[in-house]
Amino acid sequence: CHIEAAVRVGVYQLFSAQGTCKRWQDLPAFQIGAHLIESFQEHHVASGSGLAERLMRSILETICDENLTDTHALRIGRGGGDPQKRRGRDLAWRRDVDREYHLHYWECEGGIVELAKLVVHDDFSIPA
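I will try to describe carefully the structure that is included in this document. (Residues numbered from 1 in each chain as written. Predicted model: local features only at pLDDT ≥ 70, side-chain atom pairs only at ≥ 80, totals over all residues. Heavy atoms only, no water.)

With respect to the overall build of the chain
Within the chain, the secondary structure is distributed over three helices and six strands. When the helices and strands of the chain are read in sequence order from the N terminus, they spell out α-β-α-α-β-β-β-β-β. Rg of the C-alpha trace for the chain: 14 Å, near the compact-globule value of 14 Å for 128 residues, within the 12% margin. With respect to the principal axes defined by its C-alpha atoms, the chain has extents near 40 × 35 × 25 Å. The buried share of the chain, reckoned over its 128 residues, is 38%. Across the chain, contacts joining residues at least 24 apart in sequence account for 46% of those joining residues at least 6 apart. If the 15 positive side-chain charges of the chain are averaged to one point and the 19 negative ones to another, these points end up 3 Å apart. (Helix = DSSP H or I, 4+ residues; strand = E, 2+ residues; numbered from the N terminus. Rg over C-alpha atoms; globule rule 2.2 N^0.38 Å. Buried < 20%, exposed > 50% of the residue type's maximum accessible area, 1.4 Å probe, protein only. Contact = heavy atoms within 4.5 Å. Lys, Arg positive; Asp, Glu negative; His and termini not counted. Charge placed at Lys NZ, Arg CZ, Asp CG, Glu CD.)

In structure tokens form, the structure reads like this:
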């Protein structure tokens, strides 16, 4: 998948820019969820609006555990005290891309990130 390759190169470049050179095989693990590409198409990520760049920044920060203040537990309800959505032992998270869009992802066992879906602000769904 081209997106997976682009993200991997982006992660490598981010570490290199920070002076933390890593071997290709030592980069953080991540997975592309089955509905991610479809959600990119649905929201016209490649339209030239700048969304692609903001989304890539969000994806890289998610995989590299940066700017965690932009990340929130994705809960089973709208209340702040509601339990976090789970898929077995995996935890559902929501990261701000901008004011309108959010990236939903699973934090899986071993710290692997599964990028699940790009959504609009009031969409709290995540594919299981």
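After that view, the rundown keeps rolling.
Examining the layout of surface pockets
Considered as a void within the structure, the largest pocket measures approximately 220 Å³ in volume. Along the walls of the largest pocket sit 13 residues, with Ile3, Phe40, Val45, Ala52 and Leu55 positioned nearest its centre. Counting only elements with at least two residues in the lining of the largest pocket, the list comes to helix 1 (2-17), helix 2 (36-42) and helix 3 (51-63). Taken together, the residues that form the lining of the largest pocket break down as 10 nonpolar, three polar and no charged. There is about 170 Å³ of room inside the second largest pocket. (1 Å grid on protein atoms, 1.4 Å probe; cavity = no way out; pocket = protein on both sides within 12 Å on 5 of 7 lines; lining within 4 Å. Points joined across faces, edges and corners; volume = space filled by probe spheres on them. Nonpolar A, V, L, I, M, F, W, Y, C, P; charged D, E, K, R; others polar.)

Digging into helix 3
With 13 residues, helix 3 ought to run about 18 Å at 1.5 Å a step, and its terminal C-alpha atoms sit 18 Å apart, in line with that. Of all the positions in helix 3, only Leu51, Leu55, Ser58, Ile59, Leu60, Glu61, Thr62 and Ile63 are classed as buried. Structurally, helix 3 contributes buried residues whose contacts are with helix 1, strand 1 (30-32), helix 2, strand 4 (90-96), strand 5 (101-107) and strand 6 (113-120). Directly beyond the C-terminal end of helix 3, a positive phi value near 55° is found at Asp65. (Expected span 1.5 Å × (residues − 1).)

Digging into the pattern of salt bridges
Across all of its chains, the model carries seven salt bridges by this definition. When the shortest N-O distance is used, the salt bridge between Arg87 and Asp90 registers 2.9 Å. Overall, Arg87 belongs to the partly exposed group, its relative accessible area being 21%. Overall, Asp90 belongs to the buried group, its relative accessible area being 12%. (Salt bridge = Lys/Arg side-chain N within 4 Å of Asp/Glu carboxyl O.)

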